[in-house]
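Fold and contact review
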Amino acid sequence: MLTTGSQQGIDLCGKVFINPGDNVWVENPTYLAAIQIYKVYNACFNTVITDKDGMDIDALKQGAAENGGKLVYTVPTFQNPTGKSLSLERRKAIIECLEDNDMILVEDDPYSDLRYEGEVLPPIKSFDTSGRVVYLGSFSKTIAPGLRTGYIVANEEILAKMMVGKQTVDLHSNALSQVLIYEYLKSETYDAHLESIKLLYKNKRDKMLNLMQAHFPDCAKWEKPQGGMFIWVEFPQGVSMTEFLSVAMDEKIAFIPGASFYALGGTDNTMRLNFSNSTEADMEKGIKKLGELLKKLFNK
Ligand SMILES: Cc1ncc(COP(=O)(O)O)c(C=O)c1O
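Residues numbered from 1 in each chain as written. Predicted model: local features only at pLDDT ≥ 70, side-chain atom pairs only at ≥ 80, totals over all residues. Heavy atoms only, no water.

Along the backbone of the protein chain there are 9 helices and 13 strands. In summary, the protein chain has a C-alpha radius of gyration of 20 Å against a globular reference of 19 Å for 300 residues, a match within 12%. Viewed in the frame of its principal axes, the protein chain has a C-alpha envelope of about 55 × 50 × 35 Å. Buried residues in the protein chain amount to 51% of all 300 residues. Of the roughly 14,200 Å² of accessible surface on the protein chain, 52% is carried by carbon and sulfur atoms. Across the protein chain, the centroid of the 32 positively charged side chains sits 5 Å from that of the 39 negatively charged ones. (Helix = DSSP H or I, 4+ residues; strand = E, 2+ residues; numbered from the N terminus. Rg over C-alpha atoms; globule rule 2.2 N^0.38 Å. Buried < 20%, exposed > 50% of the residue type's maximum accessible area, 1.4 Å probe, protein only. Areas by Shrake-Rupley, 256 points an atom, 1.4 Å probe, with all protein chains shown as cover. Lys, Arg positive; Asp, Glu negative; His and termini not counted. Charge placed at Lys NZ, Arg CZ, Asp CG, Glu CD.)

So, on to the site of the ligand. Taken together, 14 residues lie near the ligand, and S6, D108, Y111, S138 and S140 sit nearest. If the ligand stood free it would expose 400 Å²; the protein chains cover 91% of that surface. Per-element accounting of the shell around the ligand gives the leading share, 4 residues, to helix α1 (residues 5-17). Residues that form the shell around the ligand fall into these classes: 5 nonpolar, 6 polar and 3 charged. (Near = heavy atom within 4 Å. Nonpolar A, V, L, I, M, F, W, Y, C, P; charged D, E, K, R; others polar.)

The subject of this paragraph is the sheet that holds strand β6 (residues 71-74). The mixed open sheet is built from 7 strands, whose spatial order is β1-β9-β8-β7-β6-β2-β3. Each having just a single partner strand, β1 (2-3) and β3 (44-48) make up the two edges of the open sheet. Sheet analysis places β6 next to strand β7 (residues 104-108), joined by 4 bridges and oriented parallel. Bridging across to β7, L71 finds its partner in I104. Lying over the sheet, α1 contacts β1, β6, β7, β8 (133-138) and β9 (150-153), oriented at roughly 155° with respect to β8. (Pairing = 2+ DSSP bridges. Contact = heavy atoms within 4.5 Å. Axes fitted to C-alpha atoms, helices over the stretch in contact; angles between N-to-C directions.)

A separate point is helix α2 (residues 32-40). Along an α-helix, residues three or four apart share an orientation, since each turn contains 3.6 residues. Within α2 the residues assigned to the buried category are A33, A34, I35, I37 and Y38. Looking at the buried positions of α2, the neighbouring elements they touch are α1, β2 (23-27), β3, β6 and β7. Looking one or two residues past α2, N42 carries a phi angle of roughly 60°, positive in sign.

Turning our eyes to something else, we now look at the pattern of salt bridges. Counted under the stated rule, the structure contains 15 salt bridges. With a shortest N-O distance of 2.9 Å, K125 and D128 are connected by a salt bridge. A residue is classified by how much of its surface remains accessible, and D128, at 14% relative accessible area, is buried. (Salt bridge = Lys/Arg side-chain N within 4 Å of Asp/Glu carboxyl O.)

This paragraph deals with the sheet that holds strand β12 (residues 256-257). Taken in spatial order, the 4 strands make up an open sheet running β10-β11-β13-β12, and their pairing is antiparallel. Here the strands that pair on one side only, and so sit at the sheet edges, are β10 (221-222) and β12. Note that β12 and strand β13 (residues 270-274) share 2 bridges and pair antiparallel. Counterpart to I256 in the pairing with β13 is R272.

Right, let's get into the pairing of β3. Strand direction decides the pairing type here: β2 and β3, joined by 5 bridges, are parallel. What sits directly across from V26, in β3, is T47. Handedness of the crossover is the feature at issue here: the chain leaves β2, passes through α2, returns alongside β3, and the resulting connection is right-handed. (Right-handed = clockwise from strand over helix to strand, strands pointing away.)

You can see E107 is positioned in strand β7. As a buried residue without a salt bridge, E107 has its nearest oppositely charged side chain in R91, at a separation of 4.3 Å. At 2.7 Å, the side chain of E107 forms a polar contact with the backbone nitrogen of I124. Apart from residues no more than four positions distant in its own chain, E107 is found in contact with T74, P76, R91, P123, I124, K125, V133, V134, Y135 and L136. (Polar contact = N/O pair within 3.5 Å; in protein donor to acceptor, adjacent residues only side chain to side chain.)

Among the secondary structure elements, P110 is positioned in the loop between β7 and β8. Spatially, the C-alpha atom of P110 lies 7.5 Å from that of S140, the residues being 30 residues apart in sequence. Apart from the residues within four sequence positions on either side, P110 is in contact with V75, S138 and K141.

Attention now moves to the pairing of β2. Within β2, 5 of the 5 residues are buried, leaving the element largely enclosed by the surrounding structure. Going residue by residue along β2, you find N23, W25 and E27 tucked away on one face and V24 and V26 tucked away on the opposite face as well. Bridge analysis of β2 against β6 gives 3 bridges, and the strand direction is parallel. Opposite V26, over in β6, you have Y73 as the bridge partner.

See below:
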């Protein structure tokens, strides 16, 4: 089913599956708009720890067995905000966990086409034999967010419910955008476009990582994302990146403080940097200045 961006897909999952008080499992941290959306449906949030291979499925299994759950929301590939991806092994293992605990999985996947290196990982949906995975795709990151076009892949029973939920909001998604995207995907230029943005973003990622290496204080920790648009930075406990944002904004530098990506709050020593948007010149100025400000903050 075509949707008005994958954001609408996240919302429709809330509309169809969540009753007030239902347990929803999310990565810690997770996509902040998913937190906003499921809050509207009065979900009860439960968080799952993540490591370099994404969501810890054993922790999810244990948590779901103890507390139950209706829905798991995940961005398994180049996650927003951390850039991490769920390993192949865990993609298979999560299916069993869904079946054992009678849960639905929302696989939100707007970034997987923006892979700059490493092996392609199959969607979790490809291992789904019992119709428990709702896959959300988007053309926002590869073509244009303003076209507001995404899609849902799910079984017919789920889609029928979602159709009713969608009709009450927008009857159908913009048809002109769909025609534009259809023609573009069919044309020879799309593949070349995708390759060219991947090269552009890869170079920007590398540039930002090199600048961070040169200018950030030693206490800042990050990992190199293999794709997507974000670099996630962790600082020692006790600092507030929310407060530090206003210091950076005075110098016309913006980042997203990590605090809003934690469904249960309580963590403010992280930041999300975006590397796809700035020009190289702005990046050079911005990261250098941000590094100086961070060094001042940490007295280094
Ligand atoms: C993880 C994730 N899901 C969904 C969206 C929304 O995308 P769309 O423009 O397709 O609604 C975004 C956009 O930033 C995102 O990062």
